[in-house]
Amino acid sequence: QVQMVESGGGLVQAGGSLRLSCAASRRTFMTMGWFRQAPGKEREFVAAISYSGGTTIYADSVKGRFTISRDNAKNTVYLQMNSLKPEDTAVYYCAAGGTTPTYYSNNYGTWGQGTQVTVSS
């Protein structure tokens, strides 16, 4: 079972940037994605990327501000977050699963523990 470890979260002012990383314990020939969960809310999809990196999808709320990428040599997926807003505050989780990027969390079988992102106004 592959393990995923997120890093890069923290406190940032609105308009600022953060880059999240998620390192897998071994090569995963699968789609990797990012989800987030704010207090009192359900977990929601953020972005996903295919193994080749040729296909990426984003939630409408982050399009144009967030960029997902991956480095398969390092078994790592990244989420570059720019123009952050207070409503981006959440615990961010990376996940791996399937071959085609999808918005549905049930398609992802492996999850990290999460990293907190807090955006102050």
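Bear in mind that the values here come from a model prediction, so they are computed numbers and not experimental data. (Residues numbered from 1 in each chain as written. Predicted model: local features only at pLDDT ≥ 70, side-chain atom pairs only at ≥ 80, totals over all residues. Heavy atoms only, no water.)

Residue placement: Thr 76 occurs in strand S8 (residues 76-81). From its side chain, Thr 76 meets the backbone oxygen of Lys 74 in a polar contact 2.8 Å long. Discounting residues that sit within four places of it in the chain, Thr 76 has contacts with Ser 21, Cys 22, Ala 23, Ser 69, Arg 70 and Asp 71. (Helix = DSSP H or I, 4+ residues; strand = E, 2+ residues; numbered from the N terminus. Polar contact = N/O pair within 3.5 Å; in protein donor to acceptor, adjacent residues only side chain to side chain. Contact = heavy atoms within 4.5 Å.)

As a further point, take unusual backbone geometry. Look at Asn 75: it is not a glycine, yet its phi comes out positive at around 55°. Considering the arrangement of structural elements, one finds Asn 75 in the loop between strand S7 (66-71) and S8. Given the relative accessible area of 18%, Asn 75 is considered buried. Located in the positive-phi region is Ser 83, a residue other than glycine, with phi close to 50°. Looking at where Ser 83 falls in the secondary structure, it is placed in the loop between S8 and strand S9 (90-96). By relative accessible area, which is 41% here, Ser 83 ends up partly exposed. (Buried < 20%, exposed > 50% of the residue type's maximum accessible area, 1.4 Å probe, protein only.)

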